[in-house]
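Structure at a glance
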Amino acid sequence: MTGLVLFLHGMFGDETSWQAVPDFVAKSLGNDFEIANREYSAGKLTAATLEASAEQIVTFLATKYPDAAPIYLVGHSFGGLVAREVCRKLLVEGPDDTLQRIKAVITAGTPLEGVPYGNWLLRGLRSLNPKLAALANPDHLYSRYRLAIREAQKRKVNRPKLFHLVLEDDRVVAQHIKDNFTDDDEAAGVLPGTHTGFAKGRQNAEYVADVLVSTFRRAQNADSVKPPTSDIVSVVAPLESKSQSRPPDRLILIACSHAKRDGGGPYSGQPLRWVPETSIRQDLLAKRNYIYSVLQDGKLVDNFERGGNRSHQPANAKLVHGLDLGGVATSAGEYLPACERYSGRIYGRITNEGWESYFQNGSRVKVLIMSGLYGLIEPDEFIQNYDIHLSDTHKDYGLDVKSQWLELYTKALTSYVRHAWSGGRRVRILNLLCDHHYVDAIRWHSLPREACEVFHFTSSMSSDVALLPPAGTLIDSILKSPDILESFDRDHYDRYSLTDYGQPPAGLADFKFGFESRVGLSSPRSASA
């Protein structure tokens with residue numbers, strides 16, 4: 001299902017009012033969203049009321065985009081009042097299926113309080129222009145919306161959030177009074193510029209688009225992770241794969257590494273191409289955007305090695321809000337494929353030959369890398385250098401990064417399994433994460449058991465991060481010969497000799513390993529079962 005971002009112009013405006021902003025938003029959201037402009041009657045002598053224009057938009061959504069979800073309405077000036085009225089009408093009388101598809105409204109320079117001077121005069125122009133009279137009556141505006149909220153509460157339906165951006169040098173609309181806001185209204189920040197000039201020029205348009213996309217991600221992140229209704233997620237039948245080929249039913253999970261190569265070139269490709277469902281892809285991007293925003297706000301504390309604020313780390317200071325982090329397209333930033341960026345203990349054991357073989361045999365096995373900033377990424381996805389660990393915490397709330405990703409990691413893997421399972425042999429997942437912070441970041445027991453089987457890497461000779469180097473040797477061997485995956489059994493501990501799969505790391509010539517069906521079966525572990 002494809003989402004929709006609908007731009008609405010202001011009074012006396014048209015579809016060009018937003019300048020190049022829609023183009024930048026389109027580049028950021030990619031094929032997951034359609035971007036559209038919609039005109040409504042906004043001339044000086046229009047006879048159309050605010051209610052009539054809102055009804056026109058509702059009809060447009062129902063006719064042209066009956067299945068689009070989620071929907072974001074973005075209104076400049078009076079267009080924000082039209083978008084708000086769309087929501088008010090739906091809150092009162094439905095249809096609820098349309099209401100539920102609207103995730104949020106974002107307004108820019110919208111006259112929630114009318115104009116700075118002369119509201120009384122505008123109210124007298126009702127016969128000439130009823131829209132002008134409507135924008136000059138803020139008390140009526142807020143009181144009607146509060147009544148609409150009560151009607152929606154009776155039906156127990158979700159309500160769109162209303163995010164309001166003000167313009168720094170706006171001399172057209174009156175200042176917003178937050179005390180007048182309803183429960184659904186929220187101040188979202190300040191954009192530089194004047195009432196009509198805030199988006200003029202490429203640089204301004206790109207910045208406005210970045211703010212809008214960040215606000216979309218914020219709304220998406222607010223409800224993107226919902227705990228499962230039960231411990232076991234049931235898969236009744238395999239999903240048909242009509243629009244794309246079925247992903248490999250052999251999956252290897254590995255952790256990112258603290259050690260990374262610096263530098264890189266421009267961004268290439270699209271993020272999260274491996275994710276089969278649009279909604280989950282957007283949830284993952286929203287979470288990336290959230291972690292990035294917490295970092296930029298100076299709220300992320302290093303709980304891994306040195307302590308201190310993560311925003312002060314050199315790599316993090318150079319991060320840009322590009323497509324990879326749920327932002328807009330930008331020429332800034334230094335990017336490398338993840339398999340080239342990471343250089344830690346696992347990655348030092350994986351040869352170029354191994355990666356080349358993997359990319360040539362992409363239909364047989366999938367590798368996903370777990371990252372505190374990026375979530376789950378493919379080895380060839382372009383990423384920036386960064387310094388974040390799953391154990392890092394939000395300094396205000398005390399929540400670690402792992403807890404922010406926990407449900408979404410599990411949700412994404414469940415989706416992968418559902419799409420990879422053909423109904424025959426089960427999807428095989430090799431857990432080679434090793435580091436307990438990463439192993440514990442997935443609710444393994446919630447994965448669909450009838451559709452997948454998980455092999456947890458273990459050894460009586462090493463545990464936790466000490467398993468990373470031998471895991472690297474094993475991964476390199478599997479990438480070169482994916483058939484090796486079929487030879488493994490579970491719950492036969494120390495059954496396999498690492499020398500059979502490649503040159504062991506120094507001091508591990510006699511290393512033996514096995515696989516567990518549940519974490520911790522072979523030995524006491526701090527990780528959750």
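The text that follows walks through the structure, step by step, so that each part is easy to find.

When helices and strands are tallied, the protein chain shows 15 helices and 17 strands. When burial is assessed residue by residue, the protein chain has 56% of its 529 residues classed as buried. The long-range fraction of contacts in the protein chain, counting pairs at least 24 apart against all pairs at least 6 apart in sequence, stands at 78%. Of the roughly 22,200 Å² of accessible surface on the protein chain, a fraction of 48% belongs to carbon and sulfur atoms.

The seven strands lie next to each other as β11-β10-β7-β14-β15-β17-β16, forming an open sheet whose pairing is mixed. For this open sheet the edge positions go to β11 (375-377) and β16 (496-497), each flanked by a neighbour on one side alone. When β16 meets strand β17 (residues 512-516), the two strands line up antiparallel, connected through two bridges. Its bridge partner lying in β17, Ser497 is registered against Lys512.

So, on to the packing of helix α2 (residues 50-64) against helix α3 (residues 78-93). α3 packs onto α2 with a crossing angle of 75° between their chain directions and a minimal axis gap of 8 Å. Relative to α3, the element α2 lies roughly perpendicular. For the pair formed by α2 and α3, the contact residues are Leu50, Glu51, Ser53, Ala54, Glu55, Ile57 and Val58 on the first element and Phe78, Leu81, Val82, Glu85, Val86, Lys89, Leu90 and Glu93 on the second. Partitioning the contact of α2 with α3 into residue classes produces nine nonpolar, one polar and five charged.

We now examine the packing of aromatic side chains. Each aromatic ring pair is specified by the distance between its two centres and by the angle formed by the two planes. Tallying each qualifying case throughout the model produces 25 aromatic pairs. Plain terms: the ring middles of Phe455 and Phe515 are 5.9 Å apart, the flat faces sit at 70° to each other, and that makes the pair edge-to-face. Residue Phe455 is found in strand β15 (residues 452-458), and its partner Phe515 is found in strand β17; the two are separated by 60 residues along the sequence. On the basis of relative accessibility, which here comes to 2%, the residue Phe455 falls in the buried class. With relative accessibility at 0%, the residue Phe515 sits in the buried group. A ring pair is formed by Phe488 and Phe513, whose centres lie 6.2 Å apart and whose planes are at 75°; its orientation type is edge-to-face. Here the residue Phe488 occupies a position in the loop between α15 (468-480) and β16, and Phe513 occupies one in strand β17, the gap between them amounting to 25 residues. Phe513 matches Phe488 in its accessibility class, with the two residues each being buried. Pairwise contacts between aromatic rings join Phe455, Phe457, Phe488, Tyr496, Tyr501, Phe513 and Phe515 into one cluster.

Thresholds, definitions, all that
Residues numbered from 1 in each chain as written. Predicted model: local features only at pLDDT ≥ 70, side-chain atom pairs only at ≥ 80, totals over all residues. Heavy atoms only, no water. Helix = DSSP H or I, 4+ residues; strand = E, 2+ residues; numbered from the N terminus. Buried < 20%, exposed > 50% of the residue type's maximum accessible area, 1.4 Å probe, protein only. Contact = heavy atoms within 4.5 Å. Areas by Shrake-Rupley, 256 points an atom, 1.4 Å probe, with all protein chains shown as cover. Pairing = 2+ DSSP bridges. Axes fitted to C-alpha atoms, helices over the stretch in contact; angles between N-to-C directions. Parallel < 35°, antiparallel > 145°, perpendicular 65-115°, else oblique. Nonpolar A, V, L, I, M, F, W, Y, C, P; charged D, E, K, R; others polar. Phe/Tyr/Trp six-rings, centres within 6.5 Å; stacked < 30°, edge-to-face > 60°.

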